[in-house]
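Letter by letter, the chains look like this.
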Amino acid sequence: MHHFRYAGQNLHCESVDLAEVARLYGTPTYVYSATTIEDNYTRIAGSMKGLDVRVCYAVKANSNLAVLRHLGNLGSSFEFASAGEMRRVLAAGAGVRESVFAGVGKTETEIRLALEAGIFAFHVESEPELARINHVAGKLGVKASISIRVNPDVDAHTHAKITTGTSANKFGIPLKHASAAYEAASKYPNITIKGIQSHIGSQITEVGPFEETLEKLGPLALELKERYGITYISIGGGIGVVYKDALASGPYSWWETLPEAKRPLTPEVYGATLAPALSGLGLKVLLEPGRSMVANAGVLLSRVEYLKRGQGKNFLIVDAAMNDLVRPAMYDSFHEIVPLRRDTTRRALVADIVGPICESTDCFAKDRQIQEVGEGEYLALMSAGAYGHVMASRYNTRPIPAEVLVKGSAFELVTARETFEEQISNEKIPAFLK
Ligand SMILES: *Cc1c(COP(=O)(O)O)cnc(C)c1O
């Protein structure tokens, strides 16, 4: 459920007319609904009745300071993939003492910064990382809390580029080596064993792979509790969202009327299915949702520049491009694209919706049917709140796009569009060329 809908002819985010946002701040601009984020947070945080659950929002999905602050205010903790992400949480005025740090390549500097900030735990991905964390903690005279990320070798049935829990991936320590890795960890003087972690991939739309992961991890978790007194299990993120027909039928998505067995995974089904196995462990449960917290809470606004009618093919050329939203080019992903002003008297158009970048992959949609629109009119790319702005680049010397946060009838620019001067400010001509 999200808070984007047509009021009259105009697409609104909560009570705000998106065309007004586009006119005020220009395009391309990301717009986020604070109420949708709050709903998503509340649903996932309350999905496992009777269990002690902590949500550690995966910052990499959307690391805008206002989004982080909003989630912090709601009671969320965080999961970082870099020290930069941790510093963003701190800069947003949210705490990190209940937050966790994952990633296969943590540097010494990152480990030191995280220890100094007093994070809850490191999620360790290799034996050499254990040695490094122990070393840095020793230098600082502190103890580092850790969990080992266990790779359960489960196929999450998702896109190959976002699968992380099979033995072919670089992530975590294989299940059969995990016991030995914990044994090694227990021998380090500056390390405290706190829990166990697993994250099998992203955009997972069925609960089966999560159940399989728990089946594999459960016995090990109990053994670790017995042996080292671990207090929590983190089952990672990965809950998928529905990208198709995101706007189709009012406040609820089209699929919410399907029989339960046929619906894509919801936080409620995820929670209700996994809670029984989890409650048997008697551990605190950490959830690390990223995409499912923010994807449907964001849209990317774009302006139509040209309608180019080709031979047997139309191209709708818009002012957003793969540098602003790379998901279609990188993961072949689908985003629903709708006009900000709906006019049912207009004809439909079938077109490739493309950006201006000199790459054939700069294409948001192929042969997409859309209401006929022309130069100067606005479109919204739906479900762009996760892995959108955070992956934006400056390719073709295009600026990093602006971001706006909406709550009710209030809205504010939370990231100004980058200027040309800012873009070149770190560059210089060397003396030997002068
Ligand atoms: C990316 C990531 C997440 C979040 O994944 P989503 O699919 O966005 O929910 C959680 N945990 C870890 C360790 C990750 O790398």
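Look up: the structure comes first, before these words.
Residues numbered from 1 in each chain as written. Predicted model: local features only at pLDDT ≥ 70, side-chain atom pairs only at ≥ 80, totals over all residues. Heavy atoms only, no water.

Student: Would you mind going over helix α6 (residues 127-140) with me for this structure?
Tutor: Because an α-helix packs 3.6 residues into every turn, residues spaced three or four apart end up facing the same way. Compared with an ideal rise of 1.5 Å per residue, which puts 14 residues at 20 Å, α6 spans 21 Å between its outermost C-alpha atoms and is within 8% of the ideal. By the burial criterion, the buried members of α6 are E129, L130, I133, N134, V136 and A137. Where α6 is buried, its residues contact α5 (108-117), β8 (121-124), β9 (144-151), α7 (175-187) and β11 (191-197). Looking one or two places after α6, you find G141, whose phi comes out positive at around 70 degrees. (Helix = DSSP H or I, 4+ residues; strand = E, 2+ residues; numbered from the N terminus. Expected span 1.5 Å × (residues − 1). Buried < 20%, exposed > 50% of the residue type's maximum accessible area, 1.4 Å probe, protein only. Contact = heavy atoms within 4.5 Å.)

Student: What is the right way to look at the sheet that holds strand β1 (residues 4-7) in this model?
Tutor: Sheets are built from strands that pair by backbone hydrogen bonding, the pairs being arranged parallel or antiparallel. One open sheet holds the 3 strands; their spatial order is β1-β2-β3, and the pairing between them is antiparallel. Strands at the two margins of the open sheet, each flanked by one partner only, are β1 and β3 (16-17). The pairing of β1 with strand β2 (residues 10-13) spans 4 bridges and is classified as antiparallel. Paired with Y6 across the bridge in β2 is L11. (Pairing = 2+ DSSP bridges.)

Student: Is there a simple way to explain the pattern of salt bridges in this structure?
Tutor: A side chain of one charge can pair with a side chain of the opposite charge when the charged atoms of the two come close. Scanning the model with the defined rule gives 19 salt bridges in all. Note that D52 and K284 form a salt bridge whose closest N and O atoms lie 3.3 Å from each other. Of this pair, D52 sits in the loop between α2 (34-45) and β5 (53-58) while K284 sits in strand β13 (residues 284-287), and the two are 232 residues apart along the sequence. Residue class for D52 comes out partly exposed when judged on its relative accessible area of 43%. For K106, the salt bridge identified is with E129, shortest N-O distance 2.6 Å. With a gap of 23 residues between them, K106 in the loop between β7 (100-101) and α5 and E129 in helix α6 connect regions that are remote in the sequence. A single salt-bridge network, built from bridges that share partners, covers K313, D352, K366 and D367. (Salt bridge = Lys/Arg side-chain N within 4 Å of Asp/Glu carboxyl O.)

Student: In this structure, what is going on with the packing of α5 against α6? I would like to understand it.
Tutor: A pair of packed helices is captured by two measures, namely the crossing angle of their axes and the spacing between those axes. At a closest axis distance of 10 Å, the pairing of α5 and α6 adopts a crossing angle of 55 degrees. Relative to α6, the element α5 is oriented oblique. Crossing handedness for the pair α5 and α6: right-handed. Within the contact between the two elements, α5 uses E108, I111, R112, L115 and E116 and α6 uses R132, I133, H135, V136, A137, K139 and L140. Of the residues in the contact of α5 with α6, the class split is 6 nonpolar, 1 polar and 5 charged. (Axes fitted to C-alpha atoms, helices over the stretch in contact; angles between N-to-C directions. Parallel < 35°, antiparallel > 145°, perpendicular 65-115°, else oblique. Left-handed = near helix turned anticlockwise from the far one by under 90°. Nonpolar A, V, L, I, M, F, W, Y, C, P; charged D, E, K, R; others polar.)

Student: Quick question: what am I supposed to make of the site of the ligand here?
Tutor: Around the ligand there are 14 residues in total, and K60, S202, E288, R291 and Y387 lie nearest to it. Contacts to the ligand include G290, whose backbone N or O atom sits 2.9 Å from an oxygen atom. Protein coverage of the free-state accessible area of the ligand, which is 390 Å², stands at 94%. Residue composition of the shell around the ligand, by class: 4 nonpolar, 5 polar and 5 charged. (Near = heavy atom within 4 Å. Polar contact = N/O pair within 3.5 Å; in protein donor to acceptor, adjacent residues only side chain to side chain. Areas by Shrake-Rupley, 256 points an atom, 1.4 Å probe, with all protein chains shown as cover.)

Student: Help me out: how do you make sense of a negative patch on the surface in this one?
Tutor: There is a patch of like negative charges on the surface, built from D153, D155, E206, E211, E212 and E215. Locating E211 in the fold gives a position in helix α8 (residues 208-228). (Patch = residues over 30% accessible without salt bridge, like charges linked within 9 Å, V, L, I, M, F, W, Y side chains within 5 Å. Lys, Arg positive; Asp, Glu negative; His and termini not counted. Charge placed at Lys NZ, Arg CZ, Asp CG, Glu CD.)

Student: Would you mind going over unusual backbone geometry with me for this structure?
Tutor: Comment: phi is negative for the bulk of residues other than glycine, and the bulk of peptide bonds are trans. Across the junction of T27 and P28, the peptide omega takes the value -5 degrees, indicating a cis bond. If you trace the backbone, P28 turns up in the loop between α1 (18-25) and β4 (29-33). Residue N396 is not a glycine yet carries a positive backbone phi of 65 degrees. With respect to the helices and strands, N396 occurs in the loop between β19 (378-381) and β20 (402-407). The class of N396 is partly exposed, set by a relative accessible area of 35%.

Student: How should I be thinking about helix α4 (residues 83-91) in this particular structure?
Tutor: Residues of α4 that are buried include every one of A83, E85, M86 and V89, and no others. Down the axis, α4 shows its buried residues gathered within 160 degrees of arc, on one side only. Turned more than 90 degrees away from the buried face of α4, the exposed residues are R87 and A91. Contact partners of the buried residues in α4: α3 (65-74), β6 (77-80), β7 and α5. The distance from a side-chain oxygen at the start of α4 to the backbone nitrogen of G84 is 3.3 Å, and the residue carrying that oxygen is S82. Downstream of α4 by a residue or two, G93 has a phi angle that is positive, lying close to 80 degrees. (Arc of directions from axis to C-beta.)

Student: What should I look at first to understand the packing of α2 against α3 in this one?
Tutor: Running from N to C, α2 and α3 point in directions that differ by 45 degrees, and their axes come no closer than 10 Å. Overall, the two elements α2 and α3 adopt an arrangement that is oblique. When the axes of α2 and α3 are compared, the crossing they make is right-handed. Contacts from A34, I37, E38 and Y41 of α2 reach α3 at V67, H70, L71 and L74.

Student: Sorry if this is basic, but what is going on with the pairing of β19 here?
Tutor: Walk down a regular strand and you will see the side chains alternate between the two sheet faces. The side-chain alternation of β19 yields two buried faces, one formed by Y378 and A380 and the other by L379 and L381. Of the strand pairs in this sheet, strand β14 (residues 298-309) and β19 are connected by 4 bridges, and their pairing is antiparallel. Residue pairing for β19: L300 is matched across the bridge by L381. Inspection of the sheet shows strand β16 (residues 337-339) paired to β19 by 3 bridges, in the antiparallel sense. Looking at the pairing, P339 lines up with L379 of β19.

Student: What is the right way to read the packing of aromatic side chains from this model?
Tutor: The description of an aromatic ring pair uses the distance of the two centres, along with the angle that the planes make with each other. Counting across every chain of the model gives 7 aromatic pairs. Aromatic pair Y182 and Y228: ring centres 6.3 Å apart, planes at 20 degrees, arrangement stacked. Taken together, the residues span a long stretch of sequence, with Y182 in helix α7 and Y228 in helix α8 at a distance of 46 residues. Both residues of the pair, Y182 and Y228, count as buried. Ring geometry for F210 against Y270: centres 5.0 Å apart, planes inclined by 90 degrees, an arrangement best described as edge-to-face. Here F210 is found in helix α8, whereas its partner Y270 is found in helix α9 (residues 267-279), with 60 residues between them in sequence. For F210, a relative accessible area of 4% translates into the label buried. The exposure class assigned to Y270 is buried, which follows from its relative accessible area of 1%. What links up through ring pairs into an aromatic cluster is the set F80, F101 and F122. Its end group placed over the ring of F120, K194 keeps NZ or CZ at 5.1 Å from the ring centre. If you follow R342 out to its NZ or CZ, it ends over the ring of Y6, 4.0 Å from the centre. (Phe/Tyr/Trp six-rings, centres within 6.5 Å; stacked < 30°, edge-to-face > 60°. Lys NZ or Arg CZ within 6 Å of the ring centre and 35° of its normal.)

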